[in-house]
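Topology and contacts: notes
What follows is the residue order along each chain.
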Amino acid sequence: MDEDLLAVSYCIDCGKCNDVCHIAKVTDNKYTPRSKIMLLQKLIEGDELDQDEVDDVYLSTRCGACDDICPMSIPITDIIQRERTILAEQGKEPVRTSQICKNIIEAGSPGRKDTTLRNSWINDEIELSETSDVAYMAGCWIAFAHQDIARSTIKLLNKAGITPRAIPEEKCCGLFLIDNGHMEEAKEYAKEYVEYIESLGIKKIIVSCPGCYIVLKEEYARLFREPKFEVVYSLELFRDLIQEGKLVPKALDRKMGVRDACAILEMSDIPRDILRSMQVEVTEMFGGKHGCCGGPAGVKPNFPEISSKVGMITIEKTKDYPDGVVAYCPFCYHHLEDVCQQEEKEFNIKDITELLLESVL
Ligand code: SF4
Ligand code: SF4
């Protein structure tokens, strides 16, 4: 029997996955993790899904909350990814998803941005090397939408005596291809990008975006091979530099919430350690539970209303924090800022790197 179908057959309909899924929550349990995996049989048997069922498959940020809670260890997000592969092969994937995948493959950018502007965050306030074997990758959302995060990262590195180089032809990590089941294209993409970075003589690459981090560190090894460069998450490096006394944060004396990043939940102690070093007291926003922002994996472009409703769950929570909420995923930050603008709500979220810079300078 097909391994995934066998896994689906173990579902005991306990509803635990539905309870943690923010998409299920804002759609009154119309689209749930369980309803998605139950479509696999139809897809494998070659039956056509109706539009509502296709929407169900694409109404997932692949945040992983359902995987983590399922008592039967059903690989829900892997099954969603496989369903998307089949739908893409049938030509039934949403038009926006196909367009974004095409943009990434052809132009190295989900929004087909002008590649000559990717490194336009570089200015004369920061010091970069031309030749270092340590590089910095900003990632799409920072490079094009939130350039201050890149500059703040380099300022902190410079302060600690590190002068990395930018990647001349940096491009999107390709997470969207993986999330949408475009595995063959993702393999080719990973090969090209890994070989390009290696050709520059780069031995270590520092990344700010949790999505880029997981793709470079884990997915490329699965898709192509282990890269010959080390991948370092910027916050982990900052925590080390603080512990070594190379960065000395001043007390900010604030009480803040933390908006965790789904891609690296198992590393969520790192931002908390950094916040503690700045005398920022953290209280958990979702009682220590997973709380997706609602943007990733195509939900925002394909289902903007549902995506915004999920974003509002976090925005409403920020009211409990007069000193604000800290985010460390640039895409969460971008999506939630966007939702606040649409809904005319106060945006009370600060990026952790910018907060650290404020405390160190
Ligand atoms: S990965 Fe997240 S958004 Fe997708 S079905 Fe699971 S809980 Fe819902
Ligand atoms: S948590 Fe697992 S077993 Fe329970 S309903 Fe969801 S998929 Fe089925």
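Residue numbers restart at each chain and count upward from 1, following the sequence in its written direction. Numbering of ligands from 1 and lettering of chains from A proceed in the order in which they are written. Selection of residues for local features in this predicted model requires a pLDDT of at least 70, selection of side-chain atom pairs for listing and counting requires 80 or more, and totals for whole chains, interfaces and linings are taken over all residues.

Some remarks on the overall build of the protein chain
Counting its secondary structure elements, the protein chain contains 20 helices and eight strands. Each radius of gyration is computed over the set of C-alpha atoms, and the globule rule expresses the reference value as 2.2 Å times the number of residues to the power 0.38. Over its C-alpha atoms the protein chain spans a radius of gyration of 20 Å, differing by no more than 12% from the 21 Å that the globule rule assigns to 361 residues. Summarising its shape, the C-alpha atoms of the protein chain cover approximately 60 × 50 × 35 Å along the three principal directions. Each of the 361 residues in the protein chain was classed as buried or not, and the buried ones make up 48%. In this description, any two residues whose backbone-derived C-beta atoms lie within 7 Å of each other are considered to be in contact. The contacts of the protein chain with a sequence gap of at least 6 include a subset with a gap of at least 24, amounting to 79%. Per the convention used, a helix needs a DSSP run of H or I reaching at least four residues, while a strand needs a run of E reaching at least two, with both numbered from the N terminus. Comment: burial labels come from other C-beta atoms within 10 Å of the residue's own C-beta, placed from the backbone, where a count of 20 or more is buried, 12 or fewer is exposed, and between is partly exposed.

So, the pairing of strand β1 (residues 134–137)
In this sheet, strand β3 (residues 204–207) lies alongside β1 in parallel orientation, the contact comprising four bridges. By the bridge assignment for β3, Val-134 is matched with Lys-204. By definition, two strands form a pair when at least two bridges between them are found by DSSP. Pairing of β1 with strand β2 (residues 165–166), which is carried by two bridges, proceeds in the parallel orientation. Following the sheet pairing, Ala-135 is matched in β2 by Arg-165.

Section: the nonpolar core
Ranked by internal contacts, the top residues of the largest apolar core, which has 110 residues, are Val-207, Phe-238, Ile-274, Val-326, Ala-327 and Leu-356. Looking at this core, the element that brings in the most residues is helix α14 (residues 210–223), giving seven residues. Here, a nonpolar core denotes buried Ala, Val, Leu, Ile, Met, Phe, Trp, Tyr and Cys residues that are linked to one another through C-beta atoms within 7 Å.

Quick word on the UniProt feature "domain: Cysteine-rich" (unreviewed entry) in the protein chain
The feature "domain: Cysteine-rich" (unreviewed entry), as given by UniProt, occupies residues 134–217 and 272–336 in the numbering adopted here. In the segment residues 134–217, helix accounts for 58% and strand for 12%; the C-alpha atoms at its two ends are 15 Å apart. The span residues 272–336 carries 49% helix and 9% strand; its end-to-end C-alpha distance comes to 21 Å. UniProt positions are given in the numbering used here, feature names are shortened, and annotations may be inferred rather than shown by experiment.

Some points on the site of ligand 1
Each residue receives a C-beta atom built from its backbone; the residue is near a molecule or strand if that atom lies within 6 Å of it. Taken together, 15 residues lie near ligand 1, and Cys-21, Pro-33, Ser-60, Cys-63 and Cys-66 sit nearest. Mapped onto the shell around ligand 1, the elements with two or more residues apiece are α4 (33–37), α7 (65–69) and α8 (76–89). Residue polarity is assigned by list, with Asp, Glu, Lys and Arg as charged and Ala, Val, Leu, Ile, Met, Phe, Trp, Tyr, Cys and Pro as nonpolar; anything else, Gly included, falls into the polar class. Here the residues of the shell around ligand 1 sort into nine nonpolar, four polar and two charged.

Side note on the sheet that holds β2
Strand order in the open sheet formed by four strands is β2-β1-β3-β4, and the pairing between neighbours is parallel. Each edge of the sheet is formed by a strand with only one pairing partner; in this case those strands are β2 and β4 (230–233). Angles shown run from 0 to 180 degrees and are taken between the N-to-C directions of axes, each axis being a line fitted to C-alpha atoms and, for helices, limited to the stretch in contact. Helix α15 (residues 234–243) contacts β3 and β4 of the sheet and is inclined by roughly 75 degrees relative to β4.

Regarding the domain arrangement of the protein chain
The domain architecture assigned to the protein chain consists of domain 1 (3–93), domain 2 (98–238) and domain 3 (245–360). Where each domain starts and ends comes from a domain assignment, either automatic or drawn from a database. One C-alpha centre belongs to domain 1, the other to domain 2; they are set 30 Å apart. Each partner contributes residues to the interface: domain 1 has seven residues there, and domain 2 has six residues. Here the side of domain 1 that touches domain 2 is composed, by residue class, of one nonpolar, two polar and four charged.

Regarding the environment of Gly-324
With respect to the secondary-structure elements, Gly-324 resides in the loop between α18 (304–318) and β7 (325–327). On the basis of neighbour counts, which here come to 18 C-beta atoms within 10 Å, the residue Gly-324 falls in the partly exposed class. As for Gly-324 and Phe-347, which are separated by 23 residues in sequence, their C-alpha atoms are 8.8 Å apart.

Digging into the pairing of strand β5 (residues 254–259)
Direction of pairing for β5 relative to strand β6 (residues 280–282): parallel, over a ladder of three bridges. Its bridge partner lying in β6, Met-256 is registered against Val-282. Running through helix α16 (residues 269–277), the crossover from β5 to the neighbouring parallel element β6 is right-handed. Bridge count between β5 and β7: three bridges; the pairing is parallel. Its bridge partner being in β7, Val-258 is matched across the sheet by Val-326. When the strands point away from the viewer and the path from the first strand over the helix to the second turns clockwise, the crossover is right-handed.

Points about the packing of α15 against α16
It is the contact of α15 with α16, at a shortest axis distance of 9 Å, that shows an interaxial angle of 40 degrees. Considering the angle they form, α15 stands oblique to α16. Crossing of α15 over α16 shows left-handed handedness. On the side of α15, the interface is formed by Leu-235, Glu-236, Phe-238, Arg-239 and Ile-242, while α16 contributes Ile-270, Pro-271, Asp-273, Ile-274 and Ser-277. Small angles under 35 degrees read as roughly parallel and large ones over 145 as roughly antiparallel, with 65 to 115 read as roughly perpendicular and the rest as oblique. By the definition used in this description, the sense in which the near helix is turned from the far one sets the handedness, with an anticlockwise turn below a right angle giving left-handed and a clockwise turn giving right-handed.

Remarks on helix α13 (residues 183–199)
Here α13 contains 17 residues, and its C-alpha end-to-end distance of 24 Å stays within 8% of the 24 Å for a straight helix at 1.5 Å per residue. Taken together, the buried positions of α13 are occupied by Ala-186, Tyr-189, Ala-190, Tyr-193, Val-194 and Ile-197. Down the axis of α13, the smallest arc covering the buried residues is 125 degrees, so these residues share one side. Across α13 from its buried face, at more than 90 degrees, point the exposed residues Glu-184 and Ser-199. In this fold, the buried residues of α13 make contact with α9 (95–107), α12 (175–179), β3 and α14. Gly-201, located one to two residues past α13, shows a positive phi value of around 80 degrees. Helices are assigned an expected span. That span is 1.5 Å times one less than the residue count. An arc is given here, and it is the one of the directions from the helix axis to the C-beta atoms.

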